[in-house]
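A look at the structure
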Amino acid sequence: MKTVALRFAENFAPECGTIAAHKQILDNLGSVWYGKLGSPMSKTICDSILDVADPKILLIHSGGTDRWWLHVDAISRELPSQGSYPEYYGNLADKMGCWLHVCRFEKADQKVMSKCVVISSGKPLSLASRRSMSPYFIIDYQEESS
């Protein structure tokens, strides 16, 4: 499955953390918008992510071990309505390159990074993410067959 791995940090998050803050809104509203800071992903990448039965994006905690799948149903460059994303975004909301409409968070397998290959280099995400400052990677996730 071709998708994207995004880094996230807790720099601006409330005490409960980035994921918990988003989950609170998701639990209340049934969905939440997650903002990707900086330049937007291309329309081609967004379309390829959304063109599968269960579109999902991998979140990698920078400097940490948390990995999360964001199950998404839309990607937008437009600022969503206030209240549909955590308040802690504050003035940063205008600086988001794109927004991911999340309908579910799923804790990723601890070995998820070794199951992802960065398309541009052919290297495992576990290796590429340590050697690059890139905020996101286009990856091929090798799901195990059931």
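This write-up is about the structure you can find in this document.

The rules behind each value
Residues numbered from 1 in each chain as written. Predicted model: local features only at pLDDT ≥ 70, side-chain atom pairs only at ≥ 80, totals over all residues. Heavy atoms only, no water. Pairing = 2+ DSSP bridges. Helix = DSSP H or I, 4+ residues; strand = E, 2+ residues; numbered from the N terminus. Axes fitted to C-alpha atoms, helices over the stretch in contact; angles between N-to-C directions. Contact = heavy atoms within 4.5 Å. Core = buried A, V, L, I, M, F, W, Y, C linked by side-chain atoms within 4.5 Å. Buried < 20%, exposed > 50% of the residue type's maximum accessible area, 1.4 Å probe, protein only.

**Details of the sheet that holds strand 7 (residues 136-141)**
If you trace the seven strands from one edge of the open sheet to the other, you get 2-5-4-3-1-7-6, paired in mixed fashion. In this open sheet, the two edge strands, each paired with only one partner strand, are strand 2 (32-37) and strand 6 (116-118). The sheet shows a mean angle of 45° between the axes of neighbouring strands, direction not considered. Relative to strand 7, strand 1 (residues 2-8) runs antiparallel, the two sharing five bridges. The partner of valine 4 across the bridge, within strand 7, is isoleucine 138. Running over the sheet, helix 1 (residues 18-29) touches strand 1, strand 2, strand 3 (56-61), strand 4 (67-76) and strand 5 (96-107) and is turned about 80° from strand 5. Across the sheet, helix 2 (residues 43-50) is in contact with strand 1, strand 3, strand 4 and strand 7; its angle to strand 4 comes to roughly 110°.

**Observations regarding the nonpolar core**
Core analysis: the biggest nonpolar cluster contains 28 residues, and Tyr34, Met41 and Leu100 have the highest contact counts within it. Contributions of two or more residues to this core are made by strand 1, helix 1, strand 2, helix 2, strand 3, strand 4 and strand 5. Per element, the largest residue contribution to this core is six residues, and it comes from strand 5. Excluding anything up to four places from it in sequence, tyrosine 34 contacts Leu6, Phe8, Thr18, His22, Leu59, Leu70, Tyr89, Cys98, Trp99, Leu100 and Val102. Counting residues in each nonpolar core, the second largest holds 14 residues, with Trp69, Val112, Met113 and Leu125 among its members.

None of the figures reported here should be taken as evidence of function without further support.
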